[in-house]
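Structure at a glance
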Amino acid sequence: MKFTEEIKVKGQLVFLRVDFNVPLDENLKIRDETRIKASLPTIKYLLENGARLVVASHLGRPKGQFNPKMSLKPVAERLREMLPGTTVIMAPDVIGPEVDRLKTSLKEGELLLLENVRFYNQETDNEADFSKKLAAGCQVFVNDAFGSCHRAHASVVGITAYIPEKAAGFLLKKEVEHLSRITHHPEKPYVAILGGAKIEDKIPVLESLVNKADVLLIGGAMAYTFLKAQGKGVGQSLVEEDKLKIADSIMKKAEDNGVKIILPLDHVLTSSLDSQEIEMVADSYPLPDNLMAVDIGPKTIAEYEKYIKSARTIFWNGPLGVFEVKAFSSGTVEIARAVASSSAFSVVGGGDSIAAIHQAGVADRISHISTGGGASLEFIAYGTLPGIEALK
Ligand code: AMP
């Protein structure tokens, strides 16, 4: 795989795929511009080196329909402010004669931002004809959209068949370097922390980690499917009944491989999420029939901290409780602090875990905060992603 610095971009029509999937408020103002800032180094490098730059992204889920609420126009406005002196043109469409005309007349150092690629279903279908139209006139493809690399979509994968020169942007390069350090040669002990609501999207990563990690700390709602699979009474806690068998087989594989799975030892219980109040903390089973677990308790925090402290490599994805509710956020915030205090190489992915890191004010003490939640999980599981393979 080549990197941006290794290819000629001067005078070339460069198609840059970024992740500008930013949250917008009801007045279509950008609520958080982290994702725009993350690709600025690649954008600036390409413009300064004389590229004629076409930029593409998705935003939200317009499901193949033109939708002004998911237009990239607010991003174009923000880019004009962030890149003073640069001509930033907002395209009226993603493909078609008008876009082709704008591409042809683009000068060196100018930027053309295409409309939301997901205004077309052919994007998510990775359709060949649409990919070809996206690629029209472009000599270079640069991918800097790490958060979309786990998707075999037209602007990520399909397009690469129609553009001769391909490279990874600076953001993608950084992600691949840091995540490869964990997947390919993690320093031991390697401790993985997984939380969140569902086992479903974490099955591939769990199956990979029972072969690679030394310890798996499992919290969040997903822990209760594991505890139930062990035959424990978990009250009203969230359980994925159809995943009990998978949970059981993951625990068996871990045991066979000498990998420790540590489940919560005590539980913060509530009578309802709406009450936002702690009813009790329990450390024995069965948990009361009328209560649900919404956070890990102090004994669990202490136990997890012990493993986190002795780790040399840490990967964390998913909150350990319903951390959006202040009363149920201690476990997640304490674990964020523990990860930050450890001297291990630490990687955190997923919106909620990253929010907890910021809430705890420790972002600068994490080795790498991944910009892609789903993408980082899949990279850890498979060691690569469709969008990365397509660049090779
Ligand atoms: P995910 O998208 O799978 O990472 O799940 C994130 C969500 O899991 C967050 O919105 C949390 O509120 C939720 N969550 C974490 N722990 C629990 C729990 N014990 N019970 C219910 N929901 C939880």
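Residues numbered from 1 in each chain as written. Predicted model: local features only at pLDDT ≥ 70, side-chain atom pairs only at ≥ 80, totals over all residues. Heavy atoms only, no water.

**Notes on the domain arrangement of the chain**
Accessible area lost when the parts come together is the quantity often used to give the size of an interface. When its domains are assigned, the chain resolves into domain 1 (4-173) and domain 2 (186-381). For domain 1 versus domain 2, the distance between C-alpha centres works out to 35 Å. Summed over both partners, the interface of domain 1 with domain 2 buries about 540 Å², with 68% contributed by carbon and sulfur atoms. In this structure, the connection of domain 1 to domain 2 is made through zero salt bridges. Where domain 1 meets domain 2, there are zero residue pairs in polar contact (both at pLDDT 80 or more). Here the side of domain 1 that touches domain 2 is composed, by residue class, of three nonpolar, two polar and one charged. (Domains from an automatic or database assignment. Buried area = accessible area lost by both parts, 1.4 Å probe. Salt bridge = Lys/Arg side-chain N within 4 Å of Asp/Glu carboxyl O. Polar contact = N/O pair within 3.5 Å; in protein donor to acceptor, adjacent residues only side chain to side chain. Nonpolar A, V, L, I, M, F, W, Y, C, P; charged D, E, K, R; others polar.)

**Notes on the layout of surface pockets**
Here the largest pocket is characterised by a volume of approximately 1,100 Å³. Every element with two or more residues in the lining of the largest pocket is listed here: α1 (34-48), α4 (121-124), α6 (170-184), α12 (351-359), β15 (368-369) and α13 (373-382). Ranked by residues supplied to the lining of the largest pocket, first place goes to α12 with four residues. Of the residues in the lining of the largest pocket, the class split is ten nonpolar, 20 polar and ten charged. Each pocket or cavity is described by its volume, and for the second largest pocket that value is around 570 Å³. (1 Å grid on protein atoms, 1.4 Å probe; cavity = no way out; pocket = protein on both sides within 12 Å on 5 of 7 lines; lining within 4 Å. Points joined across faces, edges and corners; volume = space filled by probe spheres on them. Helix = DSSP H or I, 4+ residues; strand = E, 2+ residues; numbered from the N terminus.)

**Re the site of the ligand**
Neighbouring residues of the ligand: 14 residues in total, closest Ala197, Ala221, Ala293, Gly321 and Glu324. Note that a nitrogen atom of the ligand is positioned 3.2 Å from one of the backbone N or O atoms of alanine 221. Burial of the ligand by the protein chains amounts to 79% of its free accessible area of 510 Å². At a threshold of 2 Å from the grid points, most atoms of the ligand map onto the second largest pocket. A per-class count over the shell around the ligand returns seven nonpolar, three polar and four charged. (Near = heavy atom within 4 Å. Areas by Shrake-Rupley, 256 points an atom, 1.4 Å probe, with all protein chains shown as cover. Sits in = over half its atoms within 2 Å of the grid points.)

**So, unusual backbone geometry**
Along the chain, lysine 188 connects to proline 189 via a cis peptide bond; the corresponding omega equals -5°. Along the polypeptide, proline 189 turns up in the loop between α6 and β7 (190-194). Each neighbour pair has its own omega, and for tyrosine 285 with proline 286 the value is -5°, a cis peptide bond. Here the phi dihedral of asparagine 126 falls at roughly 55°; this positive angle occurs in a residue that is not glycine. Tracing the chain through its elements places asparagine 126 in the loop between α4 and α5 (128-135). Phi is positive for glutamine 276, close to 55°, though the residue is something other than glycine. Its location among the elements puts glutamine 276 in the loop between β10 (267-270) and β11 (280-282). According to the relative accessible area criterion, glutamine 276 is partly exposed, its value standing at 47%. (Buried < 20%, exposed > 50% of the residue type's maximum accessible area, 1.4 Å probe, protein only.)

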